[in-house]
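Spelled out from the first residue to the last, the chains are:
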Amino acid sequence: MNGIGGSQYDCDINTTTTTNGDSTVEVRASDTFGQQGTDSLNVKVDNTVPEPGNVWINDSIVQTGAIIQVNVTTIGDTGTDLDYVDVDGFSLNYDASNIWKGTTEGNADGDSTINVTAVDLAGNVGENDAVTYTIDDTAPTFSAVSRDTAFIQTGDTVSFSATVNEENFRSADIEVLDSSDNVENDVPENCVDTGTSTPDCTASWDGSGSTEGNYTFRISSTDEAENTGSSKSLEFRIDDSAPTFSNFAVNETYVNSSRMVGFNVDASDSSFDPSSTNISVVTVGNSVVADIPETCQESGACSAKWSPTGSTPNGNYTFRIESTDKAGNSGAGIDTSEWFYIDK
């Protein structure tokens, strides 16, 4: 032993090879006259490293700064055997049945590790870094947003699809909104994992019970880290009205086989389709004499020209317009006040 001032002595005892359990340290002292004294001290030897064996977290995909709940089971050590258990410097509290509970924070972009440290009363240190989590601060985005038609009649079906660009996809929600952005219908969506972190989502709606007007499909998505992406929208229209026609005009009252007669008319329809419009020359009895090339604008302004052939009989004629809009509604128009007379 080494003396430390006066009558105080210290010594180091190597217990690393000592059997775990209760032991007795006995001290004997002799003076120069041969007199002896003894004393003893009971100690507990513990050379067993704690085992924070089972680590459980409530969520493996989180945002930066999110609170992660952590449970740790210390195998063979109770709350009275350990000095403390922490995770990434955050202290855990002993609960019961060798379970310690507490929280840590998501702290990096990418894969991160739950670092658990358990220290017992003897100073033995055990660690566990087998559990990882993923930081995800990126919200879902959308691509390939489409619908199969822009116009339907009540009872027809319009289908919507979109690709969600999200590696940690959880769910998507597709709604139909009216022209005031009120939810008209929360339609069932079907999202299929493509295996490339871009699930494809689809939905269909038939507009039953809804009135004519403009509507919008809107899709939103939330990932496993609770990031919600900015929604994407696509408009369509319920159109139950057939095209109507006005401003009929014929530029000639009398023509012969060497002169051309012109015709103008305005179509009115919210889903007017120039490519599905036909103008023909008809008799007083509405019999078709000729289908003629027409020019129609998206605005509904239509015009056509026709030259009678030598075989066209003398008599009264006019133009008739027929049109089917993009929703499938059909209408026809003829103005009996706008006749022209063929006189050869």
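Owing to the predicted nature of the structure, the values given are computational and were not obtained by experimental measurement. (Residues numbered from 1 in each chain as written. Predicted model: local features only at pLDDT ≥ 70, side-chain atom pairs only at ≥ 80, totals over all residues. Heavy atoms only, no water.)

K.L.:
How should I be thinking about the sheet that holds strand β23 (residues 244–250) in this particular structure?
P.N.:
The strands making up a sheet associate through backbone hydrogen bonding, with each pair oriented either parallel or antiparallel. In spatial order, the strands read β23-β25-β29-β28; together these 4 strands make up an open sheet with antiparallel pairing. The open sheet has two edge strands, β23 and β28 (294–296), and neither has a second partner. Taken pair by pair, the neighbouring strands of this sheet meet at an average axis angle of 20°, ignoring direction. Across 3 bridges, the pairing between β28 and strand β29 (residues 301–306) is antiparallel. Considered in β29, the bridge of T295 is made with S303. (Pairing = 2+ DSSP bridges. Helix = DSSP H or I, 4+ residues; strand = E, 2+ residues; numbered from the N terminus. Axes fitted to C-alpha atoms, helices over the stretch in contact; angles between N-to-C directions.)

K.L.:
I keep staring at the state of the cysteines and nothing clicks. Help me out?
P.N.:
Cysteine pairs can be covalently joined through their sulfur atoms, and such a bond is termed a disulfide. Scanning all chains against the criterion turns up 2 disulfides. Covalent S-S linkage joins C191 and C201, the inter-sulfur distance amounting to 2.1 Å. The chirality of the disulfide connecting C191 with C201 is right-handed, given an S-S dihedral of about 110°. Here C191, found in strand β19 (residues 190–192), pairs with C201, found in strand β20 (residues 200–205); they are 10 residues apart in sequence, far enough to count as distant. (Disulfide = S-S within 2.5 Å.)

K.L.:
Would you explain the sheet that holds strand β14 (residues 141–147) in this entry?
P.N.:
Sheet architecture is open: 4 strands sit in the order β14-β16-β20-β19, paired in antiparallel fashion. Of all strands in the sheet, those with a lone pairing partner are β14 and β19, marking the two edges. Taken over all neighbouring pairs, the strand axes of this sheet differ in orientation by 20° on average, direction set aside. Bridge count for strand β16 (residues 158–165) against β20 is 6 bridges, and the pairing is antiparallel. Counterpart to T163 in the pairing with β20 is D200.

K.L.:
Please clarify how the pattern of salt bridges should be interpreted in this entry.
P.N.:
A pair can form between side chains of opposite charge whenever their charged atoms are brought close. Applying the stated criterion across every chain, the model contains 7 salt bridges. Between K101 and D95 there is a salt bridge, and its shortest N-O distance comes to 3.7 Å. Residue class for K101 comes out partly exposed when judged on its relative accessible area of 35%. On the basis of relative accessible area, D95 is assigned to the partly exposed category, the value being 46%. Of the charged contacts in the structure, one is a salt bridge between R170 and E224, with a shortest N-O distance of 3.3 Å. Here the residue R170 occupies a position in strand β17 (residues 169–177), and E224 occupies one in the loop between β21 (213–223) and β22 (232–238), the gap between them amounting to 54 residues. E224 sits in the partly exposed class, given a relative accessible area of 29%. Here the salt bridges share partners, and the residues they tie into one network are R170, E224 and E226. (Salt bridge = Lys/Arg side-chain N within 4 Å of Asp/Glu carboxyl O. Buried < 20%, exposed > 50% of the residue type's maximum accessible area, 1.4 Å probe, protein only.)

K.L.:
What is the right way to read the nonpolar core from this model?
P.N.:
A general trend in soluble globular proteins is that nonpolar side chains are found buried together. Among the nonpolar cores identified, the biggest contains 22 residues, and I279, I292, W306, F319 and F340 are the most heavily contacted of them. Sort the elements by how many residues they give to this core and strand β25 (residues 261–268) lands first, with 4 residues. I152, F160, I174 and I219 belong to the second-largest nonpolar core, a separate cluster that totals 19 residues. (Core = buried A, V, L, I, M, F, W, Y, C linked by side-chain atoms within 4.5 Å.)

K.L.:
Looking at this structure, I do not really get the pairing of strand β3 (residues 21–30). What am I missing?
P.N.:
In terms of strand pairing, β3 meets strand β4 (residues 36–45) through 10 bridges, oriented antiparallel. Directly across from V25, in β4, lies its bridge partner L41. Adjacent in sequence and paired antiparallel, β3 and β4 are bridged by 5 residues, among which G34 carries a positive phi angle near 85°.

K.L.:
Even after reading the chapter, I still don't get the packing of aromatic side chains, so can you show me in this structure?
P.N.:
Geometrically, a pair of aromatic rings is defined through the distance of the ring centres and the angle of the planes. In total, this model carries 12 aromatic pairs according to the counting rule given. Judged by centre distance (5.0 Å) and plane angle (35°), the ring pair of F217 and F236 falls under tilted. Pair noted here: F217 is in strand β21 and F236 is in strand β22, with a separation of 19 residues, a long-range link. Just as F217 is buried, F236 falls in that class too. One aromatic cluster in this structure is built from F248, F263, W306, Y317, F319 and F340. (Phe/Tyr/Trp six-rings, centres within 6.5 Å; stacked < 30°, edge-to-face > 60°.)

K.L.:
Mind showing me how you'd approach the side chain of T312 here?
P.N.:
Assignment of secondary structure puts T312 in the loop between β29 and β30 (315–324). On the basis of relative accessible area, T312 is assigned to the buried category, the value being 5%. Among the polar contacts listed, one links the side chain of T312 to the side chain of T309, at a separation of 3.0 Å. Once residues lying within four places of it in the same chain are set aside, the contact partners of T312 are W306, Y317, I342 and K344. (Polar contact = N/O pair within 3.5 Å; in protein donor to acceptor, adjacent residues only side chain to side chain. Contact = heavy atoms within 4.5 Å.)

K.L.:
Honestly, the environment of F33 in this entry has me stumped. Any pointers?
P.N.:
Locating F33 in the fold gives a position in the loop between β3 and β4. Judged by its relative accessible area of 71%, F33 falls in the exposed class. Residues F33 and C191, spaced 158 residues apart in sequence, show a C-alpha to C-alpha distance of 95 Å.

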